[in-house]
Amino acid sequence: MSVHIGAKKGEIADKILLPGDPLRAKYIAETFLEDPKCYNEVRGMLGYTGTYKGHKISVQGTGMGMPSAAIYANELIREYDVKKLMRVGTCGAIRKDVHVRDLVLAQAAATNSAIIRKDFPNFDFPQIADFNLLTTAYDIAKEKGFNIHVGNVLSNDTFYSDDNSDVFKLGEYGVLGVEMEAAVLYYLAAKYNVQALALMTVSDHMITGEETTSEERQTTFNDMMIVGLETLIKED
Ligand SMILES: O=P(O)(O)O[C@H]1O[C@H](CO)[C@@H](O)[C@H]1O
Ligand SMILES: O=c1cc[nH]c(=O)[nH]1
């Protein structure tokens, strides 16, 4: 086991879905995987391995925010040899042409976190998606007729803020939505030469105020799960 994951070597697949919410991990495992086995309950951050259409797949909650997501991504890559990491998260929309329940594929992720700047104080490291996973996911979503947007997201360091004017300004510059983990996932994928992609469902709209319920965030958003799973098994 690693510090925060209770699995033995070999119990985690080399392809993994990463929701922030551990109960979304449980929902995905119980809804989409055959013969799912829970391999992690440490800190309640549930992780499961099962099969999807005959392919071994895992799903692991990451918690909220980059420090938490980075702990799980580091241990999954370095201790369990995970090679394809696919975030299946939620985001807030910051543009009027992006709607609640639409899908957002993060081609790149800006961040106001110092988590990457700390390693590269003289550069703005470009946090970008794996191109093959990105194009595969996009093609699958389009083929299935899902509403999907591709572009920049903001991986925000805070959920609550007194002043969101800079976030809305990013929306004017084409940034599609706000979430809290994609940038560090892309950074760690670059650092360890593995593949990562962040796919989000819009759970709320920061301009119109429209939102989904917490139950819906935990137990629905099946379009995103299908795109994530089909993408992970496509390149086998
Ligand atoms: O629904 P998840 O995957 O947790 O993603 C989003 O939701 C959380 C905030 O409510 C943050 O983790 C953010 O990135
Ligand atoms: O980080 C997030 C995630 C969902 N919705 C938001 O407004 N922010």
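Before reading on, note that the structure itself is shown above.
Cut-offs used in this document
- Residues numbered from 1 in each chain as written.
- Chains lettered and ligands numbered in written order.
- Predicted model: local features only at pLDDT ≥ 70, side-chain atom pairs only at ≥ 80, totals over all residues.
- Heavy atoms only, no water.
- Axes fitted to C-alpha atoms, helices over the stretch in contact; angles between N-to-C directions.
- Helix = DSSP H or I, 4+ residues; strand = E, 2+ residues; numbered from the N terminus.
- Parallel < 35°, antiparallel > 145°, perpendicular 65-115°, else oblique.
- Left-handed = near helix turned anticlockwise from the far one by under 90°.
- Contact = heavy atoms within 4.5 Å.
- Buried < 20%, exposed > 50% of the residue type's maximum accessible area, 1.4 Å probe, protein only.
- Polar contact = N/O pair within 3.5 Å; in protein donor to acceptor, adjacent residues only side chain to side chain.
- Near = heavy atom within 4 Å.
- Areas by Shrake-Rupley, 256 points an atom, 1.4 Å probe, with all protein chains shown as cover.
- Nonpolar A, V, L, I, M, F, W, Y, C, P; charged D, E, K, R; others polar.

A. Quick look at the packing of helix α2 (residues 66-80) against helix α5 (residues 182-192). α5 packs onto α2 with a crossing angle of 30° between their chain directions and a minimal axis gap of 9 Å. Considering the angle they form, α2 stands roughly parallel to α5. Between α2 and α5 lies a crossing of right-handed hand. When α2 is examined against α5, the residues M66, A69, A70, A73, N74, I77 and R78 are found in contact with a partner set consisting of A183, V184, L185, L188 and Y192.

B. Region of the structure containing helix α1 (residues 22-32). The set of residues buried in α1 consists of P22, R24, A25, Y27, I28, A29 and F32. Where α1 begins, one side-chain oxygen reaches toward the backbone nitrogen of L23, 2.8 Å away; that side chain belongs to D21.

C. Expanded view of the site of ligand 1. Around ligand 1 lies a shell formed by G20, R24, M64, R87, G89, T90, F159, E179, M180 and E181. Between R24 and ligand 1, the recorded distance is 2.6 Å, taken from a side-chain N or O atom to an oxygen atom. Contacts to ligand 1 include T90, whose side-chain N or O atom sits 2.6 Å from an oxygen atom. Look at ligand 1: alone it shows 340 Å² of surface, and the protein chains cover 88% of it. Here the residues of the shell around ligand 1 are counted per class, giving 3 nonpolar, 3 polar and 4 charged.

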